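Fold and geometry: a report
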Amino acid sequence: MQTWKQVRANKGAAGADGLDIDQTAAMLRKCWPAIRDSLPEGTYRPQPVRRVMIPKPGGGARELGIPTVQDCLIQQALLQVLQPILDPTFSQHSYGFRPGKSAHNAVLAAQSFVQSGRRVVVDVDLEKFFDRVDHDILIDRLRRKNPDPGIIRLVRAYLNADIVDGDATVKRIRGTPQGGPLSPLLANLLLDEVDKELERRGHAFCRYADDCNVYARSQRAGERVMALLRRLYGRLHLTVNETKSAVASVFGRKFLGYALWVAPGVAKTIEHGGYMDEQSLSHATWDCKYHVVFGSKYRTKRFYGDGRRELGELLRRLALQKGCQIEQGQLMPDHVHMLISIPPKYSVAHIVGFLKGKTALYVANKYACKRRYKGYHFWARGYFVSTTG
């Protein structure tokens, strides 16, 4: 019942048999017992998928393979069995089509890597990935994590399903066309091998389906990572699209439709071999701001009157020293909340550590001798980051 609700919620189009959701429901009332018995026996054969070409915004077309509603139902049931087994084993840097993860999470992770000083991106585009998935390699990776022969046979049957293109029927020997519920999970399963190798080597990266960005600190390091990725993808019989892939500055390149860039109205940025010129960075600001919360290490420690006002002025002066700007500030007895813009020259962690350390010393030197503060510092309880633009 849950599987059927999910298929109906997706409002999928009719497949090669021309039956929509309601027509398929009427058919399954009569035929479902026979179909259900054929699944564990390994005799079920999926119907061909219908080929649909979707124009891409940048030109060209993306191929979709629309399965019948009946096969969507079976694939969705298979997904509900496999996903709890496979998904927990995937890399934490994989964000595409996974429960609890999204493209927004991937963009924020990429932003944090850039803020940490990695200003060179290895932007990898795979050439026709979903059309070139090797069936034998994919089944081998699936068998390692789930050796159930019934599931292996059914997944293999879906991979080998024919393609209907108008009046012609095309045999498929490789690829897993986009359009079925199972395709994203199988893509993550295949590419997880590359993710794990990048993790083992300590690289900072984000992957969303077949879009992968690796962040490095220099052009030379980025070139080494690109060479590594060519070898890793080559083992999976996949090809890097050299025209769209590049090792370049993060500024100006898009990831999932988002780009990190320098706000207008400041000094022009200059690129040298893939990294931003230090002088221009010192005058630039991000086109987004960050919420930073400082709290007393001990909840009983509170600041009142002159102490609180002095602390606010100190924070503002320290921020200006680093080229930051406090857009808004709220000084409360037990915490400080600031909306602050930070130059791309510095990471958020660096600025927060600087403010924390300086204010701690100030409070310790000025108020430690007073009984009210019991001789302790004003330490940051922590901070969180969110973009507002």
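The structure we're discussing is the one just above.
Let me sum up the structure you'll find in this document. (Residues numbered from 1 in each chain as written. Predicted model: local features only at pLDDT ≥ 70, side-chain atom pairs only at ≥ 80, totals over all residues. Heavy atoms only, no water.)

**Here we look at helix H7 (residues 183-200)**
In an α-helix, one turn spans 3.6 residues; hence positions three or four apart end up facing the same way. For H7, built from 18 residues, the straight-helix expectation of 26 Å at 1.5 Å per residue is met to within 8% by its first-to-last C-alpha distance of 26 Å. Along H7, the sharpest kink reaches roughly 40 degrees, centred on Leu191. Among the residues trailing H7, Gly202 stands out with phi positive, at a value near 80 degrees. (Helix = DSSP H or I, 4+ residues; strand = E, 2+ residues; numbered from the N terminus. Expected span 1.5 Å × (residues − 1). Bend = angle between axes of the 7 residues up to and from the residue.)

**Focus: the packing of H7 against helix H8 (residues 219-235)**
If you want to describe how two helices pack, look at the angle between their axes and the distance between the axes. At a minimum axis distance of 10 Å, the contact between H7 and H8 shows a crossing angle of 145 degrees. Crossing of H7 against H8: the hand is right-handed. Note on element contacts: H8 touches H7 through Leu228, Leu229, Leu232 and Tyr233, opposite Leu191, Val194, Glu197 and Leu198. Taken together, the residues of the contact of H7 with H8 sort by class into seven nonpolar, no polar and one charged. (Axes fitted to C-alpha atoms, helices over the stretch in contact; angles between N-to-C directions. Left-handed = near helix turned anticlockwise from the far one by under 90°. Contact = heavy atoms within 4.5 Å. Nonpolar A, V, L, I, M, F, W, Y, C, P; charged D, E, K, R; others polar.)

**Considerations on the side chain of Asn241**
With respect to the helices and strands, the residue Asn241 is situated in the loop between H8 and strand S8 (246-249). Residue class for Asn241 comes out buried when judged on its relative accessible area of 14%. A polar side-chain atom of Asn241 sits 3.1 Å from the main-chain amide nitrogen of Thr243. (Buried < 20%, exposed > 50% of the residue type's maximum accessible area, 1.4 Å probe, protein only. Polar contact = N/O pair within 3.5 Å; in protein donor to acceptor, adjacent residues only side chain to side chain.)

**Some thoughts on the nonpolar core**
Membership of the largest hydrophobic core comes to 49 residues, with the highest contact counts inside it found for Leu82, Phe129, Val155, Leu229 and Tyr233. Those elements giving two or more residues to this core turn out to be helix H2 (21-41), helix H3 (69-86), strand S3 (120-125), helix H5 (135-145), helix H6 (149-159), H7, strand S7 (211-216) and H8. At eight residues, the largest contribution of residues to this core is made by H7. Other than its neighbours up to four places away in sequence, Val155 contacts Leu78, Leu82, Ile139, Leu142, Leu182 and Leu186. (Core = buried A, V, L, I, M, F, W, Y, C linked by side-chain atoms within 4.5 Å.)

**Focus on the packing of aromatic side chains**
Evaluated as defined, the whole model comprises three aromatic pairs. A ring pair is formed by Phe113 and Tyr215, whose centres lie 5.9 Å apart and whose planes are at 40 degrees; its orientation type is tilted. Here Phe113, found in helix H4 (residues 103-115), pairs with Tyr215, found in strand S7; they are 102 residues apart in sequence, far enough to count as distant. Judged by relative accessible area, which is 7%, Tyr215 ranks as buried. For the pair Phe129 and Phe130, a centre-to-centre distance of 4.9 Å together with 75 degrees between the ring planes defines the contact as edge-to-face. Each member of the pair, Phe129 together with Phe130, is buried. Stacked on the ring of Phe354, the Lys or Arg Lys322 has its end atom at 4.7 Å from the ring centre. (Phe/Tyr/Trp six-rings, centres within 6.5 Å; stacked < 30°, edge-to-face > 60°. Lys NZ or Arg CZ within 6 Å of the ring centre and 35° of its normal.)

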